[in-house]
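# Tertiary structure, described
Below, each chain spelled out in residue letters.
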Amino acid sequence: MPSSDAVSVITAKTTVAELLRCCPRATGVFLRRRMHCPGCHMSAFMTLGEAAASYGVAAEDLVTELRGVVAAETSIIDPDQTSRLSRL
Amino acid sequence: MTATRTLDPTLLDAVDVFAGLEGKARERALAAAQWIKLAPGQQAFRQDEEAEAFYVLSVGRLKVSQLTPEGQEVIIRYIGPKEMFGCIAVCGGLTYPGTATAVVDSWALAWSRRSIGELAQDYPKIALNAMRTMGGRMKDTHARLREMQTERVERRIAHAIARLVAQAGRRVENGILIDFPVSRQDIAEMTGTTLHTVSRTLSAWQERGVVELGRQKLTVVDPHGLVIIAEDLPADDSDR
């Protein structure tokens, strides 16, 4: 199961830009939560935890949801995802 | 739209345009008026129509709106009881600047352009009063214009700083430092504004805890706060 490694490296300390670089599909998660992070100039400096706090979202929920999207993506689309993510 | 309704004689007392008129003048004004009833969604007049009547709202609420060339509706103001609308008819020969639509069941007194014109000729106070009201609304409009201009400058400055952050930001303990010497003059030149405006804006942001200023040094302490200003995002979805 290659996705489990990829998934576990996503934490509240991952920056928004890192996450979106590796998993562009996660953009939808931010948009649904009305978070303006995708495309934001600050995304390289803001961690998922900080972004969640800025929008009054529970960081745990956000990370869990993002892990779900990444898990789905790595198992279906991109076999290299695991190695790219683990270099974060 | 024409209907009858018992007139509350105190209505005209409360309306600025008839302020200071003696009894006889007031009687004439009342005699020339007609009641109109507007159901929600019904329009008293439309934008760009010749201004044929002048109104005073008795009960209810109306919105005055304009359509953009793209067809988007922009609400200019709401009219409440005892307020005038369609004042431009007092001047004669002009068109309505917006569309007046009832938002709830409303009753208004209407004067035709001709009758209000005649009244204004006989009682110049009416024209002066109407001018005063229009002047007051013009003042509101100017204030709003000024606010919008200021907002635009603020947003430009916030955008410029956000771009600098993206290009040369470095994470430091208290935020994101723009990692090269950047002066207020530089930011003024980036945004096409004055040094004075940049200084004033940055000082205000420092007080609000958005940035921290040093000599040729700028740290964004609240990156999300800066983005809220730059993108004009609603601030209330933040829990801070």
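Conventions used here
Starting afresh in each chain, residues are numbered from 1 along the sequence in its written order. Chains and ligands are labelled by the order in which they are written, letters from A for the one and numbers from 1 for the other. Residue-level local features of this predicted model are given only where pLDDT is at least 70; pairs of side-chain atoms are given and counted only at 80 or more, and the full residue set underlies all totals for whole chains, interfaces and linings. Under the DSSP-based scheme used, a helix requires at least four consecutive residues in state H or I and a strand at least two consecutive residues in state E, with every element numbered from the N terminus. Our exposure labels follow a C-beta count within 10 Å of each residue's own C-beta, placed from the backbone: buried means 20 or more other C-beta atoms, exposed means 12 or fewer, and partly exposed covers the counts in between. A residue pair is marked as a contact if its C-beta atoms, positioned from the backbone, fall within 7 Å. Per-residue confidence from the prediction method is given by pLDDT, with values spanning 0 to 100. At least two DSSP bridges between two strands are required for those strands to pair. Lines fitted to C-alpha atoms define the axes, with helix axes restricted to the stretch in contact, and inter-axis angles between N-to-C directions lie between 0 and 180 degrees. Side-chain classes are defined by residue name, with Ala, Val, Leu, Ile, Met, Phe, Trp, Tyr, Cys and Pro counting as nonpolar, Asp, Glu, Lys and Arg as charged, and the others, Gly among them, as polar. What sets the label is the angle itself: under 35 degrees gives roughly parallel, over 145 gives roughly antiparallel, 65 to 115 gives roughly perpendicular, and the rest give oblique. Less than a right angle of anticlockwise turn of the near helix away from the far helix marks a crossing as left-handed, whereas a clockwise turn marks it as right-handed.

### Some points on the overall build of chain A
Looking only at helices and strands, one finds six helices and zero strands in chain A. Reading chain A from its N terminus to its C terminus gives the helix and strand order α-α-α-α-α-α. Scored against the burial criterion, the 88 residues of chain A give a buried share of 38%. Considering only contacts within chain A whose residues lie at least 6 apart along the sequence, 71% involve residues at least 24 apart.

### A few points about the confidence of the model for chain A
Per-residue pLDDT for chain A has a mean of 82; in total, 75% of the residues score no lower than 70. Put simply, helix H6 (residues 81–86) of chain A is where chain A has its lowest mean pLDDT, 56, and helix H4 (residues 48–54) of chain A is where it has its highest, 94.

### Points about the sheet that holds strand S13 (residues 217–220) of chain B
All names here are of chain B. Across the sheet, four strands lie side by side as S10-S11-S13-S12; this open sheet has antiparallel pairing. Across the chains shown, the open sheet's two edge strands, defined by having one partner strand only, are strand S10 (169–172) and strand S12 (211–214). On average, each strand axis in the sheet is inclined to that of its neighbour by 25°, with strand direction left out of account. Sheet analysis places S12 next to S13, joined by four bridges and oriented antiparallel. Looking across to S13, one finds that Gly214 is bridged to Lys217. Here helix H4 (residues 124–168) sits on the sheet in contact with S10, strand S11 (175–178) and S13, set at roughly 85° to S11.

### Considering the interface of chain A and chain B
In this complex, chain A contributes eleven residues to the contact, which on the side of chain B involves 15 residues. Split by residue class, the side of chain A that touches chain B holds six nonpolar, four polar and one charged.

### A look at the packing of H4 of chain B against helix H5 (residues 184–191) of chain B
To characterise two packed helices, one gives the angle between the axes of the helices and the distance between these axes. Residue and element names in this part refer to chain B. Here H4 crosses H5 at 115°, and the two axes come no closer than 9 Å. Between H4 and H5, the interaxial angle falls into the category roughly perpendicular. Once H4 is placed against H5, the crossing between them reads as right-handed. Between H4, through Arg156, Ile157 and Ala160, and H5, the contact on the second element is made entirely by Ile187, Met190 and Thr191. The class makeup of the residues in the contact of H4 with H5 is four nonpolar, one polar and one charged.

### Concerning the sheet that holds strand S8 (residues 99–102) of chain B
In a beta sheet, neighbouring strands pair by backbone hydrogen bonds and run either parallel or antiparallel. Residue and element names in this part refer to chain B. The strand order across the open sheet built from four strands is S3-S8-S5-S6, with neighbouring strands paired in antiparallel fashion. Only two strands of the sheet have a single partner each, and these edge strands are strand S3 (43–45) and strand S6 (73–79). Averaged over all pairs of adjacent strands, the angle between their axes in this sheet comes to 30°, without regard to strand direction. Sheet topology places strand S5 (residues 62–67) next to S6; six bridges connect them, and they run antiparallel. Its bridge partner being in S6, Gln66 is matched across the sheet by Val74.

### Some remarks on the pairing of S10 of chain B
If a strand is regular, its side chains alternate between the two faces of the sheet. Residue and element names in this part refer to chain B. Alignment of S10 against S11, held across four bridges, turns out to be antiparallel. From the neighbouring strand, Arg170 faces S11, where its bridge partner is Leu177. Connecting S10 to the antiparallel partner S11 that follows it, the hairpin turn spans two residues.

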